[in-house]
Amino acid sequence: MTSTDPKTDLRFYLQSARDALLWKLEGLSEYDVRRPLTPTGTNLLGLVKHTASVELGYLGDTFGRPSGEPLPWVAEDAEANADMWATADQTREFVVGLYHRAWAHADATIEALPLDTVGKVPWWPGGKNEVTLHHAVVRVIADTHRHAGHADIVRELIDGAVGMNKGRENMPSDEASWWAEHHERLERTAREVQQRVQQQSS
């Protein structure tokens, strides 16, 4: 999608990342949306909690538009990494609801202010914390797409579900046999190249 209005383009790519990230929760149990799938604990619900917090910070507080949402997990005295996982009393409904409210607040900021509006990121060092709204939106888009990519991998590890967006999976095949053959081909190629490198260095 392209537009003559920069804000329209920015909102489109931000929303596509938001939708993709939330889609990865669909159809999963409470355990699966919370379970850590990497050594550093990457999990689906934590990714949503984190991205909600990022939007409220960069597209709210930074421009003097606090949301009023209590975010104790990003306070100065918060436990390390507290924004990257949901505690037992933070339900899926709570985290998803927070994300939707973050969307609304961020979108209102984008709508209300010119893209060249300058704000100050509260958690950056003083004197080096000024950003334009344009910069902040691009930063949030990049962060959200990065975490949507994490969610792609985590979801595939949980139950094999893959795809770019709901209704637009953007995958070359939905046949398990095709993917098994593809996986084997990649593994075989990787081993062949590794053997070649070892032979050349011996």
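Scroll up for the structure.
Quick caveat, the model's predicted, so the values are computed rather than measured. (Residues numbered from 1 in each chain as written. Predicted model: local features only at pLDDT ≥ 70, side-chain atom pairs only at ≥ 80, totals over all residues. Heavy atoms only, no water.)

Mind laying out helix H5 (residues 133-159), listing which residues take part and the relevant values?
The α-helix advances 3.6 residues per turn, and as a result positions three or four apart in sequence lie on the same side. With 27 residues, H5 extends 39 Å between its outermost C-alpha atoms, agreeing within 8% with the 39 Å of an ideal straight helix rising 1.5 Å per residue. Gly160 lies just past H5 and shows a positive phi near 85°. (Helix = DSSP H or I, 4+ residues; strand = E, 2+ residues; numbered from the N terminus. Expected span 1.5 Å × (residues − 1).)

Run through the packing of helix H3 (residues 44-58) against helix H4 (residues 92-112), naming residues and quoting values.
Two elements in contact, H3 and H4, have axes whose closest approach is 9 Å; the angle formed by their N-to-C orientations is 30°. Regarding the angle of H3 to H4, the classification is roughly parallel. Read as a crossing pair, H3 and H4 show a hand that is left-handed. For the pair H3 and H4, contact is made by Leu45, Val48, Lys49, Thr51, Ala52, Glu55 and Leu56 and by Arg92, Val95, Leu98, Tyr99, Ala102, Trp103, His105 and Ala106, respectively. Partitioning the contact of H3 with H4 into residue classes produces 10 nonpolar, two polar and three charged. (Axes fitted to C-alpha atoms, helices over the stretch in contact; angles between N-to-C directions. Parallel < 35°, antiparallel > 145°, perpendicular 65-115°, else oblique. Left-handed = near helix turned anticlockwise from the far one by under 90°. Contact = heavy atoms within 4.5 Å. Nonpolar A, V, L, I, M, F, W, Y, C, P; charged D, E, K, R; others polar.)

Quick rundown of the packing of aromatic side chains? Include the residues and the values.
Taken as a whole and assessed by the stated rule, the structure comprises six aromatic pairs. Ring centres 5.0 Å apart and planes at 90° place the aromatic pair Phe12 and Tyr13 in the edge-to-face group. Overall, the relative accessible area of 34% leaves Phe12 in the partly exposed class. According to the relative accessible area criterion, Tyr13 is partly exposed, its value standing at 37%. With a centroid separation of 4.6 Å and an interplanar angle of 80°, the aromatic rings of Trp178 and Trp179 are classed as edge-to-face. Linked through ring pairs, Tyr58, Trp123 and Trp124 together constitute an aromatic cluster. Over the aromatic face of Trp73 sits the side chain of Lys49, whose NZ or CZ is 4.5 Å from the ring centroid. (Phe/Tyr/Trp six-rings, centres within 6.5 Å; stacked < 30°, edge-to-face > 60°. Buried < 20%, exposed > 50% of the residue type's maximum accessible area, 1.4 Å probe, protein only. Lys NZ or Arg CZ within 6 Å of the ring centre and 35° of its normal.)

Describe in detail the nonpolar core, supporting the description with residues and values.
Inside soluble globular proteins, nonpolar side chains tend to come together where they are buried. In this structure, Leu22, Leu25, Leu44, Val48 and Tyr99 are the most contacted members of the largest nonpolar core, which totals 25 residues. Mapped by element, the contributors of at least two residues to this core are helix H1 (6-23), H3, H4 and H5. Sequence-distant contacts of Leu25, defined by excluding residues within four places in its chain, comprise Val33, Leu44, Leu45, Val48, Arg92, Val96 and Arg155. Ranked by size, the runner-up nonpolar core spans 17 residues in total, among them Leu14, Phe63, Val121 and Ala136. (Core = buried A, V, L, I, M, F, W, Y, C linked by side-chain atoms within 4.5 Å.)

Talk me through the pattern of salt bridges; I want residue IDs and the actual numbers.
Counted according to the given criterion, the structure contains 11 salt bridges. Close ionic contact of Asp159 with Arg155 constitutes a salt bridge, the shortest N to O distance being 3.0 Å. Of this pair, Asp159 and Arg155 both sit in helix H5, separated by four residues, roughly a single helical turn. Between Arg191 and Glu187 there is a salt bridge, with its nearest N and O atoms 2.7 Å apart. Taken together, the residues Arg191 and Glu187, both in helix H6 (residues 176-201) and four residues apart, mark about one turn of the helix. (Salt bridge = Lys/Arg side-chain N within 4 Å of Asp/Glu carboxyl O.)

Describe the layout of surface pockets, listing the residues and the values that go with them.
In this model, the largest pocket occupies a volume close to 460 Å³. Lining the largest pocket are 16 residues, with Ser53, Gly57, Val74, Ala75 and Trp123 positioned closest to its centre. For the lining of the largest pocket, the element with the most residues is H3, which contributes six residues. Of the residues contributing to the lining of the largest pocket, the split by class is eight nonpolar, three polar and five charged. For the second largest pocket, the calculated volume is near 200 Å³. At the level of secondary structure, the elements contributing two or more residues to the lining of the second largest pocket comprise H1 and H5. Of the residues forming the lining of the second largest pocket, the biggest block, five residues, is contributed by H1. Tallied by class, residues from the lining of the second largest pocket come to six nonpolar, four polar and two charged. (1 Å grid on protein atoms, 1.4 Å probe; cavity = no way out; pocket = protein on both sides within 12 Å on 5 of 7 lines; lining within 4 Å. Points joined across faces, edges and corners; volume = space filled by probe spheres on them.)

Mind laying out the environment of Gly119, listing which residues take part and the relevant values?
By the secondary structure assignment, Gly119 is in strand E1 (residues 118-120). Not counting chain neighbours up to four residues away, the residues in contact with Gly119 comprise Thr62, Phe63, Asn129, Glu130 and Val131.

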